[in-house]
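One-letter residues, chain by chain:
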Amino acid sequence: MRVVVLTKPVPDTSGDESFEADLTLDRASLAPVINPNDEYALEAALRLAETMPGTEITLLTMAPAESWAGLSKGLAVGANQAVMVTDPALEGSCIVGTANVLAAALRKLEFDLILAGTDTPDGRAGVVCSAVAALLQIPFISHAGSIDVRDDRVVVSRTRDDGHETLDAPLPAVVAVTQQIGDLRYPNLRGIMAARSRRPTSWSLADLDVAGAAGGAAATTATLHVEPCEIRTPTRVVRGDADAAVHEIVAFLADRRLIP
Amino acid sequence: MNKTVWVIADVSEGGLVSSSPGVATLARELAGDGAAGIIVAANATGAAAELATYVPHIILGRVPADEYFTPSAVAPFIARLVRERRPDYLLVPGTPTGRELAGALSALLQWGVLANATGVSLDERLVVRSVVFRTDLNVRSAFTSDHGIVTVQPHAVGPSVAAVTGDVEEIDVPAAERTSLVRRSELVREEAPAPVEGARVVVAGGAGVGSREAWAVVESLAAVLDGAVGASRPAVDNGWAPYSQQIGQTGKIVRPDLYIALGISGEVQHRVGMRMSKTVVVVDKDPDAPFARFADLFVHADLAEIVPPLIEQLRIAREKGGQS
């Protein structure tokens, strides 16, 4: 089984972000980490590899070269190799452009299964995976809680608001996973040391045969304006005696007619 | 010239999903007579009729009832309709179904996507308002061409029916445009808690609740306020609440009149899901929690000391209210 895990370096949301003069996010101001949801995709791949000997896991990312430091953790926990599509012209790529580039890179790679996180904490669009599947003309299943492979089909369980369901699709396929995959593994010291010396295979735009627009110059969307959100009314803080606090909450809710 | 804006509605088992009417209303407000609604589903005549109360024209793509279709599987049909009839913009609800469809259509049409719109305006061009990355920054964005796809944050726009009900055009989706390779082998329905989406009151618990046993107070407080039970991601990861109740970036987006958070610090990933709530009350024992600067009322206290008597006092207040 050849599994490709799409990993996106995202700004560590515990930091403070800033915007460039052109209103794109100043990613240099934030230490990149692997999209937390993509880590579940990698975890799902590692679990498949445990049950299917000979499984090879490739990390694929489109990112500035300097974000590699945040992605090498993927090799440290057990991915076999990494491919980075990195090119100054890709800065400012839009969603469609990103999908076009990832699809072109995937056409160059051999794969049976493509896994990724359902969405990312920075863009939060959650649309790139289904775009990639549509470009490659292969099946797509979102919100996977668990993944199995049987008889050349990927079998996915996922929850619905009113229960749960099991879906399956022929390989190759794209599957987007959620946190329900389960606990992540952490790299051990030996893995970290081994990953430290390894570098990803690096492709530029010129190495790919991209169908459709790619890169910042061809972006389909543009940011016009960024401003702080309207401030909510200042917080009333209550502390101290429990009885008094309870009384204050009840009075507050009654005052706003929120008690049925 | 008037623009045309299509809303691609999200349906389940024949009924419109709750976020669709708001997005349909938005399409009509933007485009007037140029608004249309698209539904692709089996047995969706009722949903189409409901959508027609919001927009002047509906296209209902019919698929066989005995087959399973993912949103991606019917995207080629919608893409072909778009190429033939040339709407300017597509709006889809920012639900899992809508997001999947937006991605597939952006690939097939090579149209841009602006995600998680909290508001949209259309003059010379379409401008999308959203909250990006951190909840304290508003962003306005636009497409660089005359076309694009917008995913609209659920419940960002309230529904309002049109003066005149629209007409419904039914089309059979050709077999070549519904090539679903995804099969469904099992569907199990379970008794689900009250949905958080659309609830007027949401009582959500987080890691600070502490244990599965202690989680009962979250449910009791929700019950006394006739509210739905929500949860932060750590609470769902701990197994105290099902994933369907998760509020935040990877969960549901809610906009209740009252949002009560118990033992939730209010990190950005959570606030994304509830920042549009009208009134926010938080009980947490960390005085430096982000919610201490965001809530309308922040109670710095131990849940175990506050919530049981609060439930009791609210019960008494309800009884008194009922007598008067």
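Quick caveat: nothing in here was measured; it's all calculated off a predicted structure.

About the criteria used
- Here the residue numbering is sequential within each chain, running from 1 through the sequence in written order.
- Chain letters start at A and ligand numbers start at 1, both assigned in the order the entries are written.
- Local features in this predicted model are restricted to residues whose pLDDT is 70 or higher, and side-chain atom pairs enter the listing and the counts only when it is 80 or higher, whereas totals over whole chains, interfaces and linings include all residues.
- Known as pLDDT, the predictor's per-residue confidence is scaled from 0 to 100.
- Note on pairing: DSSP must find at least two bridges between two strands before they are called paired.
- Secondary structure elements are taken from DSSP: a helix is a run of H or I of four residues or more, a strand is a run of E of two residues or more, and numbering for both begins at the N terminus.
- Every axis in this analysis is a line fitted to C-alpha atoms, fitted for helices over the stretch in contact. Angles between the N-to-C directions lie between 0 and 180 degrees.
- Here contacts are defined at the residue level, using C-beta atoms placed from the backbone and a cut-off of 7 Å between them.
- By convention in this section, buried Ala, Val, Leu, Ile, Met, Phe, Trp, Tyr and Cys residues joined through C-beta atoms within 7 Å make up a nonpolar core.
- Three exposure classes are used, based on other C-beta atoms lying within 10 Å of a residue's own C-beta, which is placed from the backbone: buried for 20 or more, exposed for 12 or fewer, and partly exposed in between.
- How far each domain reaches was decided by an automatic or database domain assignment.
- Under the grouping applied here, Gly and all other residues not named as nonpolar or charged are polar, the nonpolar ones being Ala, Val, Leu, Ile, Met, Phe, Trp, Tyr, Cys and Pro and the charged ones Asp, Glu, Lys and Arg.

1. Concerning the confidence of the model for chain B
Per-chain confidence: chain B averages 92 in pLDDT, with 97% of residues scoring 70 or above. The ipTM for the predicted assembly is 0.90, set against a pTM of 0.90.

2. Here we look at the sheet that holds strand S9 (residues 137-143) of chain B
Taken together, the 10 strands give an open sheet; going across it, the order is S13(A)-S9(B)-S8(B)-S7(B)-S10(B)-S6(B)-S1(B)-S4(B)-S5(B)-S11(B), and neighbouring strands pair in mixed fashion. Two strands bound the open sheet, and with one partner strand each, they are strand S13 (221-228) of chain A together with strand S11 (167-172) of chain B. Taking the axes of each pair of neighbouring strands and ignoring which way they run, one obtains an average angle of 35° across the sheet. Pairing of strand S7 (residues 113-122) of chain B with strand S10 (residues 148-152) of chain B involves three bridges; the strand directions are parallel. Each bridged residue has a counterpart across the sheet, and for B:Val113 the counterpart in S10(B) is B:Ile149. On top of the sheet, helix H3 (residues 71-85) of chain B reaches strand S1 (5-8), strand S4 (35-41) and strand S5 (57-62) of chain B; it is set at about 155° to S4(B), its chief contact. Helix-sheet contacts for helix H4 (residues 96-109) of chain B involve S1, strand S6 (89-93), S7 and S10 of chain B, and the interaxial angle to S10(B) is about 170°.

3. Some words on the nonpolar core
Nonpolar side chains tend to gather and get buried jointly when the protein is soluble and globular. Ranked by size, the top nonpolar core spans 129 residues in total, and within it A:Val5, A:Val132, A:Val175, B:Ala27 and B:Ile39 carry the most contacts. At nine residues, helix H4 (residues 95-108) of chain A tops the list of elements feeding residues into this core. With residues up to four places along the chain from it excluded, the contact list for A:Val175 reads A:Leu113, A:Leu115, A:Ile141, A:Ala144, A:Ile147, A:Val154 and A:Val156. If you look at the next biggest cluster of nonpolar residues, it comprises 56 residues, including B:Val196, B:Ile253, B:Val280 and B:Leu297.

4. Some thoughts on unusual backbone geometry
The peptide bond linking A:Leu171 to A:Pro172 adopts the cis configuration, its omega dihedral lying at -5°. For A:Pro172, the location among the structural elements is in the loop between strand S10 (163-170) and strand S11 (173-177). Here the phi dihedral of B:Gln110 falls at roughly 60°; this positive angle occurs in a residue that is not glycine. With respect to the element layout, B:Gln110 can be found in the loop between H4 and S7. Classification of B:Gln110 by C-beta neighbours within 10 Å gives partly exposed; the count is 19. One non-glycine residue, B:Asp226, adopts positive backbone phi at about 55°. As for its position among the elements, B:Asp226 is in the loop between helix H5 (216-224) and strand S14 (228-231). For B:Asp226, a count of 13 C-beta atoms within 10 Å gives the class partly exposed.

5. Some remarks on the domain arrangement of chain B
Much of the literature gives interface size as the accessible area that the parts lose upon coming together. Residues and elements named next belong to chain B. On domain assignment, one finds that chain B holds domain 1 (5-177) and domain 2 (201-323). Between domain 1 and domain 2, the residue contacts involve five residues of the former and six residues of the latter. Of the residues contributing to the side of domain 1 that touches domain 2, the split by class is one nonpolar, three polar and one charged.

6. As for the interface of chain B and chain A
Taken residue by residue, the interface counts 82 residues in chain B and 74 residues in chain A. As judged from the seven bridges shared by S13(A) and S9(B), these two strands associate in the antiparallel manner. Opposite A:Ala222, over in S9(B), you have B:Ala142 as the bridge partner.

7. Here we look at the sheet that holds strand S8 (residues 146-150) of chain A
One open sheet holds the four strands; their spatial order is S8(A)-S9(A)-S10(A)-S12(B), and the pairing between them is antiparallel. The sheet terminates laterally at S8 of chain A together with strand S12 (183-189) of chain B, the two strands that pair on one side only. Mean inter-strand twist for the sheet, computed between neighbouring axes without regard to direction, equals 15°. Where S10(A) meets S12(B), six bridges bridge the pair, whose relative direction is antiparallel. Of the residues in S12(B), the one forming a bridge with A:His164 is B:Val188.

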